[in-house]
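Structural description and commentary
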Amino acid sequence: MAHGYTPGLRVTERALVRRRRHLPLPGQVHVQVGERVSADQLVASTELPGNVTNLNVAHELSCTPADVPDYLVVSVGDAVEIGEVIAETRALWGLFHSVATTPVSGTVETISEVTGQVLIRGKPIRVEIDAYLDGTVIEVEGDEAITVEARAAFLQGILGVGGEAHGDLKLVVESPDAVVEADLIDDSCAGCVLVGGSRVTLEALRAAAEVGAAGVVVGGVHGMDLNEFLGEPLGVAITGQEDVGTTLVLTEGFGEIAMAGRSWKLLAARSGRRTSINGATQIRAGVIRPEVIIPEPEATWEADGVDVSAGLAPGSYVRLIREPYFGRLAIVTDLPEQLQQIETEAHVRVLRARLEDTGEEITVPRANVEAIQR
Amino acid sequence: MAADMPLRSILATDCGSTTTKAILIELVEGEYRLRVRGEAPTTVEAPYEDVTRGVLNAVSEVEEVSGRRLIADGDIIRPQRGDQGVDAYLSTSSAGGGLQVMVVGLVRTMTAESAQRAALGAGAIVMDVLALDDGRRDYERIQRMRELRPDMILISGGVDGGEQRRVVEMAELVGAANPRARLGAKYELPVIFAGNADARDAISDTLADKTALTLVDNLRPTMERENLGPARAEIQELFLEHVMAQAPGYSELMTWTDADIMPTPAAVGSLIEAIAKRDGINVVGVDIGGATTDVFSVFEGVFNRTVSANLGMSYSVSNVLAETGLPNILRWVTEQPDPGLVGNAIRNKMIRPTTIPQTLADLTIEQAAAREALRLAFGQHKLLATELKGIQRQRDIADAFAAGGAQTLVEMMSLDLLVGSGGVLSHAPRRNQAALMLIDAFEPEGITRLAVDSIFMMPQLGVLSTVNAEAARQVFYRDCLIPLGTCIAPVGHGRPGSPCLRVRLTGGGRSEDLQLNVGEMRLIPLPEGQTAEVALDPVRRFDVGAGPGRALTATVQGGVVGVVIDARGRPLRLPEDEAERISAIRAWNAELDVYPRNLAAGEVA
């Protein structure tokens, strides 16, 4: 492989962020191109077909499926209310009269002579989509979708849980290597996106959810704590649907790992600003990373380009992302071409680097570093 | 292209989710051999969105290494002219998430399970199985169909001539869901009906207007018989027509290949099936990837495949941890690391899937997790690879006490060959590690050959087996499989340290007379290509294949590891006492030379 390293996650003060807001089915778009929108503003809505309930009328009336149409008092497309009679047998001198009533309100969808079933579709389910971030509508796609654009500080996390949320950014620790404990969370955190340091404890996560914090952005969390918080083990990194009361964005990974300096500086400089976050993550083909977006609605600057630099070079700043140096920072000093044998006896492409904290010279597989910006 | 057509050279590619791999096979002095391989990133997703670019890049690498011109005007040169071009170009694909199928049946363990086997055998990922007895309400089933957006739906249910009403009910739910295809939003979702033939008219009335419906022969025409062929063939046909045709660049790629593009797992399956048939052997194959683990088996000619969708070594390794629990992973290692830190390390592998172990301690934990992933995946395979359920059969007293319903077809004592594939097995720093992982996870019984796939070219050989089975077989044995050797494992249990098995081995320039006690392992070097005669004499409670306490003689094959004699008993039980367990694992590691000396002695932290 030409580039045996993990590309770093994007952290920039100047990004042009565009987010498409689309409905699951066509409906109504409530904004226009050029309109300024706020994160919590309703921009589109629709109605999804209701849930289907199956009523076996043949069974209810003790008749054959083929006889069902004769006994029905409703037709396909009719609206029905819960408890309404939809089929009845003709009474024999007033005796043996049986009826079938609908257990839900809705519309008669199909009537089957083969199975004797009547499908009743429940009332439509309303779906509303908000703008997610403060910005400007730059595109409207018919009655299905819009795109919101914002100049913003932008930070990608490595893993998140919980979906979209927004609130004011609030620092709850004073340094990127501080642990977020529960006693740091109080009522002033309600509705805020909280910024922590190296780790958040289980108690602090629970406290954040309890006071109604919009989210927590932090370096790491112990795996067992996250499992406890979720109520089940996190098996695969496909997240975003969890209903846990607050969205969590990890910037570094599992364990206690100081938030990278650049990420910390970016967030610390924007305390109090309106922030949108999303924990949705998909570490598979079509990768999705969790994100923190801090829009600057009045800004006019040129956005930074996405860094697609081809690889590492001596002097590159890297984070080590595997034992025995997990979480530490280093500066690349050499990139030998030849494969080299490591402790496991595997022959791999390596790099040499100097650890930032101790100055120790180390050799690590190139696959085990992540390029980051200072 | 006709089967077994004479070919002088073959180019084959496998378009995976991340990498497109190309191999060049040539006929050299009457033998088919792998000449070179090349690879390049797959280009299905943005910004390229054209699979052929990745194919041409991978083939260019083959061109460079082989010095043979293969591409002209953006196409593969065919037929071979002098030292240019090839006689055939073939391809498999799992790019874009593979073939995703939803199965609908009546009874989970009967028609729905048969349909699941048909879909898996065709190389599909089964996203969910809906059945009357799945415990869900109708609206939940409908919601599930809408959410999942499968590539196609396979409906089964009812035996021919049987009651139709229930299967039509399920079809009505499919109609009510009105699900959309995953790719190509404008296209109708392909639906295959392979149930009660008498219900076809009613099914057509229900679904023909809403879906691209195809009717094929019932996959369970009677309770006693499965007929999976027609449904499997139709799934693969629709894979080409609908799924592949929607994926970027595939319409073009399909015009290049000399045989239909096969879903990657279907190709591996057909290779294993072809080898088992041709050599008259029972085979188990496993491919452990980052996200999923595929298990294939052929026992007495019956092929089965399962996909354990969330058991893998990177993307899904946290799920292995969740399913088996940390103690089950740590039981395979001799160190006593902080469980919390090990848990974090495993989860960090999930979020940074391309990292590799740098320390021996880290490697042993990764290989411990692999044992559990393989063990769980094989367990799932044994549950699905069964004789048909729902059949009345005579039960003996043993059946009455046995758990579950139908008997699994996976009979380990009759297994001849166990093949491992996937990074953690194929790229283990020592082949002995791969051998021990396979033995610990699969627990082969009696006499079993072990092998690993050198560079995972089974998909390409699988599609080749459909046009030239002999060429595929030759390359499989000569260049694809790395024989690890043979495992001899008596079945039974005894007091640790008490006599278990006497072994006399003659051949390969050596003569050994060994006495193994319960709980011991022994490695006898026997190089690749050599064979030896073994006379096995187990004690009364142990069986090596001839029955408890009965002697057996056999010829065993050598390999890069040799002959492993495993007297730990079956089913395998590790000592419960912590100190005894650690001491036993160190002894096995040392005997099989699994890790560098210092780790075997427990000197590495």
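It should be emphasised that the depicted structure is a prediction, and the values quoted were computed from it without experimental measurement.

Our focus in this paragraph is the domain arrangement of chain B. Interfaces are frequently sized by the accessible area removed from exposure as the parts join. Residue and element names in this part refer to chain B. As far as domains go, chain B holds domain 1 (9–95), domain 2 (98–250) and domain 3 (283–387 + 403–488 + 561–600). Using only C-alpha atoms to locate each centre, domain 1 and domain 2 end up separated by 35 Å. Taken together, the contact between domain 1 and domain 2 spans nine residues of the former and six residues of the latter. The contact between domain 1 and domain 2 buries some 550 Å² in all, and 58% of this surface belongs to carbon and sulfur atoms. It is V44, V51 and S93 in domain 1 that bury the most area against domain 2; as a group they hold 56% of the surface buried on that side. Taken together, domain 1 and domain 2 are joined by two residue pairs in polar contact (both at pLDDT 80 or more).

As a further point, take the confidence of the model for chain B. Within chain B, residue pLDDT values average 88, and 93% of them lie at 70 or more. Note on residues 600–605 of chain B: pLDDT under 50 across the span, and 14 contacts to partners over four residues away in sequence or across chains.

Attention shifts here to the confidence of the model for chain A. Mean pLDDT over chain A stands at 89; residues scoring 70 or higher make up 93%. pLDDT under 50 marks residues 1–6 of chain A. Its contacts with residues more than four places away, or in other chains, come to 16 contacts.

This part is about the interface of chain A and chain B. With 53 residues of chain A at the interface, the matching set in chain B holds 41 residues. Contact between chain A and chain B buries roughly 4,100 Å² in total, counting both sides, with carbon and sulfur atoms accounting for 54%. For the chain A face of the interface with chain B, the top three residues by lost area are F254, R322 and T344 of chain A, together amounting to 16%. On inspection of chain A and its partner chain B, the count reaches four salt bridges. Here R322 of chain A and E366 of chain B are joined by a salt bridge, their closest N and O atoms 2.7 Å apart. In this structure, the connection of chain A to chain B is made through 18 residue pairs in polar contact (both at pLDDT 80 or more). Elements represented by at least two residues in the side of chain A that touches chain B include exactly β5 (52–56), β10 (117–122), α4 (223–230), β21 (247–254) and β30 (361–365) of chain A.

Spatially, the three strands line up as an open sheet ordered β2-β4-β11 (chain A), and their pairing is antiparallel. Each having just a single partner strand, β2 (28–29) and β11 (125–130) of chain A make up the two edges of the open sheet.

What follows covers α4 of chain A. Summarising burial for α4 of chain A: six of the eight residues are buried, a large majority. For α4 of chain A, the set of buried residues is G223, D225, L226, N227, F229 and L230 of chain A. Where α4 of chain A is buried, its residues meet β14 (159–161), β18 (199–200), α3 (202–211), β19 (215–221) and β21 of chain A together with α11 (339–351) of chain B. Once α4 of chain A finishes, G231 of chain A follows within two positions and takes phi at roughly 85 degrees, a positive value.

The next thing to look at is the environment of R270 of chain A. Residue and element names in this part refer to chain A. Relative to the elements of secondary structure, R270 occurs in the loop between α5 (261–268) and β22 (274–278). Separated by 210 residues in the primary sequence, R270 and E60 have C-alpha atoms spaced 65 Å apart. Residues in contact with R270, not counting those within four places in the same chain, are E13, A153, L169, I294 and E296.

Let's shift gears to helix α4 (residues 165–177) of chain B. Residues and elements named next belong to chain B. With 13 residues, α4 extends 19 Å from end C-alpha to end C-alpha; this agrees with the ideal 18 Å at 1.5 Å per step. Along α4, eleven of the 13 residues are buried, which leaves the element largely enclosed by surrounding structure. Within the sequence span of α4, burial applies to V167, V168, E169, M170, A171, E172, L173, V174, G175, A176 and A177. N178 sits one or two positions beyond α4 and adopts a positive phi of about 45 degrees.

It is worth spelling out the environment of H493 of chain B at this point. Residue and element names in this part refer to chain B. For H493, the position within the fold is in the loop between β18 (481–489) and β19 (499–507). Under the relative-accessibility criterion, H493 is labelled partly exposed at 26%. For the pair formed by H493 and P571, sequence separation is 78 residues and the distance between their alpha carbons is 8.1 Å. Apart from residues no more than four positions distant in its own chain, H493 is found in contact with R541, F542, G569, R570, P571 and R573. A distance of 3.0 Å separates the side chain of H493 from the backbone oxygen of P571, its partner in a polar contact.

For the rest of this paragraph, the subject is the packing of helix α9 (residues 317–324) of chain B against α11 of chain B. Residues and elements named next belong to chain B. It is the contact of α9 with α11, at a shortest axis distance of 7 Å, that shows an interaxial angle of 140 degrees. Our classification of the angle between α9 and α11 gives oblique. Contacts between α9 and α11 involve V317, S318 and L321 from the first element and G343, I346, R347, K349 and M350 from the second. Across the contact of α9 with α11, the residue classes break down as four nonpolar, two polar and two charged.

Now for a nonpolar patch on the surface. Residues and elements named next belong to chain A. Residues V73, V85 and V99 make up a contiguous nonpolar surface patch of roughly 190 Å² in combined accessible area. When you line up the elements, V99 lands in strand β8 (residues 99–101). A relative accessible area of 34% means that V99 is categorised as partly exposed.

This part covers a negative patch on the surface. Residue and element names in this part refer to chain B. Together, E188, D201, D205 and D209 give the surface a local cluster of negative charge. Take D201: it is sitting in helix α5 (residues 200–207). Take D201: its relative accessible area is 61%, and that puts it in the exposed class.

Before going further, it helps to spend a moment on the pattern of salt bridges. The tally for this structure, following the rule as stated, stands at 61 salt bridges over all chains. E296 of chain A serves as the salt-bridge partner of R270 of chain A, at 3.9 Å between the closest nitrogen and oxygen. Of this pair, R270 of chain A sits in the loop between α5 and β22 while E296 of chain A sits in the loop between β24 (291–295) and β25 (317–320), and the two are 26 residues apart along the sequence. Residue R270 of chain A shares its accessibility class with E296 of chain A, and that shared class is buried. By sharing partners, the salt bridges in this structure join D128, D134, R136, D138, R141 and R144 of chain B into a single network.

Take unusual backbone geometry next. With an omega of 15 degrees, the peptide bond running from E323 of chain A to P324 of chain A counts as cis. A cis geometry characterises the amide bond from R570 of chain B onward to P571 of chain B, with omega recorded as -10 degrees. Positionally, P571 of chain B belongs in the loop between β24 (562–566) and α18 (578–591). Despite not being glycine, S62 of chain A has its phi angle at roughly 55 degrees, a positive value. With respect to the helices, strands and loops of the structure, S62 of chain A is situated in the loop between α1 (57–61) and α2 (68–71).

All right, on to the side chain of T364 of chain B then. The residue T364 of chain B is located in helix α12 (residues 360–384) in this model. For T364 of chain B, the side chain forms a polar contact with the main-chain oxygen of A361 of chain B, separated by 2.6 Å.

Let us look at the nonpolar core. Membership of the largest hydrophobic core comes to 112 residues, with the highest contact counts inside it found for L194, V200, L248 and L267 of chain A together with L425 and F442 of chain B. If one sorts the elements of this core by residue count, α12 of chain B sits on top with eleven residues. Once residues within four sequence positions are removed from consideration, L267 of chain A is found in contact with L155, L169, L171, V195, V217, M259, V292 and I294 of chain A. With 53 residues, the next largest nonpolar core counts I76, A231, V243 and I261 of chain B among its residues.

All names here are of chain B. When β19 meets strand β20 (residues 510–517), the two strands line up antiparallel, connected through eight bridges. Opposite P499, over in β20, you have N517 as the bridge partner. Between β19 and β20, which pair antiparallel in sequence order, lie two residues; one of them, G508, sits at a positive phi of approximately 60 degrees.

Reading the values: rules and limits
- Residues numbered from 1 in each chain as written.
- Chains lettered and ligands numbered in written order.
- Predicted model: local features only at pLDDT ≥ 70, side-chain atom pairs only at ≥ 80, totals over all residues.
- Heavy atoms only, no water.
- Domains from an automatic or database assignment.
- Contact = heavy atoms within 4.5 Å.
- Buried area = accessible area lost by both parts, 1.4 Å probe.
- Polar contact = N/O pair within 3.5 Å; in protein donor to acceptor, adjacent residues only side chain to side chain.
- pLDDT = per-residue confidence, 0-100.
- Salt bridge = Lys/Arg side-chain N within 4 Å of Asp/Glu carboxyl O.
- Helix = DSSP H or I, 4+ residues; strand = E, 2+ residues; numbered from the N terminus.
- Pairing = 2+ DSSP bridges.
- Buried < 20%, exposed > 50% of the residue type's maximum accessible area, 1.4 Å probe, protein only.
- Expected span 1.5 Å × (residues − 1).
- Axes fitted to C-alpha atoms, helices over the stretch in contact; angles between N-to-C directions.
- Parallel < 35°, antiparallel > 145°, perpendicular 65-115°, else oblique.
- Nonpolar A, V, L, I, M, F, W, Y, C, P; charged D, E, K, R; others polar.
- Patch = residues over 30% accessible without salt bridge, like charges linked within 9 Å, V, L, I, M, F, W, Y side chains within 5 Å.
- Areas by Shrake-Rupley, 256 points an atom, 1.4 Å probe, with all protein chains shown as cover.
- Lys, Arg positive; Asp, Glu negative; His and termini not counted.
- Charge placed at Lys NZ, Arg CZ, Asp CG, Glu CD.
- Core = buried A, V, L, I, M, F, W, Y, C linked by side-chain atoms within 4.5 Å.

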